[in-house]
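# Understanding the architecture of this molecule
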There are 2 protein chains.
Amino acid sequence: MAGRLDHVNIAAPDAGGLARKLTEALGMEVVKETVVEEQGVKVIVLDAGGSHLEITEPLGPDTPVGRFLSKKGPGLHHIAISVPDIEAALAKMKAAGIALIDETPKIGAMGNRIAFAHPKSFGGVLIEIVEGEAD
Amino acid sequence: MAGRLDHVNIAAPDAGGLARKLTEALGMEVVKETVVEEQGVKVIVLDAGGSHLEITEPLGPDTPVGRFLSKKGPGLHHIAISVPDIEAALAKMKAAGIALIDETPKIGAMGNRIAFAHPKSFGGVLIEIVEGEAD
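Predicted model, so just to flag it, every value in this text is computed and none were measured. Along each chain, residue indices are assigned from 1 in the same order as the chain's sequence is written. For this description, chains carry letters from A and ligands carry numbers from 1, given in the order in which they are written. Reporting in this predicted model follows two pLDDT cut-offs: at least 70 for local features of residues, and 80 or more for side-chain atom pairs to be given and counted; totals over whole chains, interfaces and linings ignore these cut-offs and use all residues. Excluding hydrogens and water, the side-chain values take into account all heavy atoms of the structure.

### A word on the packing of helix α1 (residues 15-26) of chain A against helix α3 (residues 86-95) of chain B
Packing of α1(A) against α3(B) brings their axes to within 8 Å, and their N-to-C directions diverge by 135°. The angle between α1(A) and α3(B) falls in the class oblique. Two secondary-structure elements touch here, α1(A) through Glu24(A), Ala25(A) and Leu26(A) and α3(B) through Ala89(B), Lys92(B) and Met93(B). Here the nonpolar group is Ala, Val, Leu, Ile, Met, Phe, Trp, Tyr, Cys and Pro; Asp, Glu, Lys and Arg are the charged ones; every other residue, Gly included, is treated as polar. Among the residues making up the contact of α1(A) with α3(B), the classes are represented as four nonpolar, no polar and two charged. Helix axes are fitted to C-alpha atoms over the stretch in contact, other axes to C-alpha atoms as well, and angles between N-to-C directions run from 0 to 180 degrees. Each helix corresponds to a stretch of at least 4 residues labelled H or I by DSSP, and each strand to a stretch of at least 2 residues labelled E; elements are numbered beginning at the N terminus. An angle below 35 degrees is treated as roughly parallel, one above 145 as roughly antiparallel, one from 65 to 115 as roughly perpendicular, and anything else as oblique. Whether two residues touch is decided by their heavy atoms; if any such pair falls within 4.5 Å, the residues are in contact.

This is the structure in structure tokens:
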């Protein structure tokens, strides 16, 4: 199970404004725009050549991303690593002593199965595990 | 010029410890370990399937990464986007009104030409531009 970087997530108060800057200045392309009501976010995904940049804008201040912005300000929020088998990955992470936020997979913004590990286990980095095809 | 995500950088007080966790828990592989004296960092690079995770550990508190750790704590530090022609990319960024930390390219830890844009121009995200082959 070798992890592949699936995406980098950025928390932003204005996802559209940041996406425009990335397209104008770096030639990146928006590939998806969606609202995920249950997570309280608008999501814009840009192609980054094999992986993606995902920008999340909170729908209100009392949402997980809204609280992150109030506390830490805008910027890098988490990275996602894709694995072929999420149950196997979670079992391996538990065996390695990693604290998991999600002990079992849930459905992510892109419709695939995901789980988050606690940042205290990875040097302050919030890591999302995404089930996806092996590269 | 479509940007490709080249690497994600993590600032850590103990790069070796974090690299071991990523290899044990996520099956990632270390592909390079180096010390860049002029930047005051030890660098460990892990393969992430087409892109890389780069962990930088400061050689002392009075270095750019040492000061970042004191101020913000460990975690995600910057992302790097590779472009085929760094001069063309910098000209395009300037034309788009992006504030640049490096107006002209310098040599990065991996020996290629790089430049940093100011995080205020990209929603609090520090972005490094790396000259590399097109994908």
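### Overview of the relation of the copies chain A and chain B
The copies were overlaid by least squares, fitting only the C-alpha atoms of residues that reach a pLDDT of 70 or more in each copy. If you rotate chain A by 180° and push it 0.0 Å along the axis, it lands on chain B with an RMSD of 0.0 Å. The operation mapping one copy onto its partner corresponds to a two-fold rotation axis. Counting the interface residues of chain A, we find that 100% of their copies in chain B are interface residues as well, pointing to one common contact surface.

### Notes on the interface of chain A and chain B
Between chain A and chain B, the residue contacts involve 40 residues of the former and 41 residues of the latter. Take the accessible area each of two parts loses on contact, using a 1.4 Å probe, and add the two losses: that sum is the buried area. Where chain A abuts chain B, roughly 3,000 Å² becomes buried across the two surfaces, and 72% of that area is made up of carbon and sulfur atoms. Ranking the residues of chain A by area buried against chain B places Ala25(A), Leu26(A) and Leu76(A) at the top, with a combined share of 21%. Each reported salt bridge corresponds to a side-chain nitrogen of Lys or Arg within 4 Å of a carboxyl oxygen of Asp or Glu. On inspection of chain A and its partner chain B, the count reaches zero salt bridges. What qualifies as a polar contact is a pair of N or O atoms within 3.5 Å, subject to a donor-acceptor requirement within protein and to the restriction that residues adjacent in sequence count only when both atoms come from side chains. Summed over the shared surface of chain A and chain B, the number is seven residue pairs in polar contact (both at pLDDT 80 or more). Looking at the side of chain A that touches chain B, the elements that each hand over two or more residues are β1 (4-11), α1, β5 (75-83), α3 (86-95) and β8 (127-131) of chain A.

### Digging into the sheet that holds strand β7 (residues 113-117) of chain B
Residue and element names in this part refer to chain B. Should DSSP find at least two bridges between two strands, the strands are regarded as paired. The eight strands lie next to each other as β2-β3-β4-β1-β5-β8-β7-β6, forming an open sheet whose pairing is mixed. Each end of this open sheet is capped by a strand with a single partner; those strands are β2 (29-36) and β6 (106-107). As defined by bridge partners, β2 adjoins strand β3 (residues 41-47) across seven bridges and the pair is classed as antiparallel. Bridged to Glu33 within β3 is Ile44. Against the sheet, helix α2 (residues 64-72) makes contact with β1 (4-11), β3, β4 (52-58) and β5 (75-83), and its axis sits at roughly 90° relative to β4, the strand it touches most. Along the sheet face, α3 touches β5, β7 and β8 (127-131) and points at about 15° away from the line of β7.

### Brief notes about the environment of Val43(A)
Residues and elements named next belong to chain A. In this structure, Val43 sits in strand β3 (residues 41-47). Separated by 10 residues in the primary sequence, Val43 and Glu33 have C-alpha atoms spaced 5.7 Å apart. Excluding residues that lie within four positions of it along the chain, Val43 makes contacts with Lys32, Glu33, Thr34, Val36, Glu54, Ile55 and Thr56.

### Considerations on the confidence of the model for chain A
All names here are of chain A. pLDDT expresses how confident the predictor is about each individual residue, on a scale running from 0 to 100. On average, residues of chain A score 93 in pLDDT, and 96% of them reach the 70 mark or higher. When pLDDT is averaged over each element of chain A, strand β4 (residues 52-58) comes out on top at 97 and strand β6 (residues 106-107) at the bottom at 91. The ipTM assigned to the predicted complex is 0.92, against a pTM of 0.94.

### Re α3(A)
Residue and element names in this part refer to chain A. Note on classification: 1.4 Å probe, protein chains only; a residue is buried when its accessible area is under 20% of the maximum for its type, exposed when over 50%, partly exposed between these limits. Those residues of α3 lying buried are Ile86, Ala89, Leu90 and Met93. The buried residues of α3 all sit within an arc of 95° when viewed along its axis, so they share a single face. Of the residues flanking the end of α3, it is Gly97, one or two places downstream, whose phi is positive at about 85°. Our arc is simply the arc of the directions from the helix axis toward the C-beta atoms.

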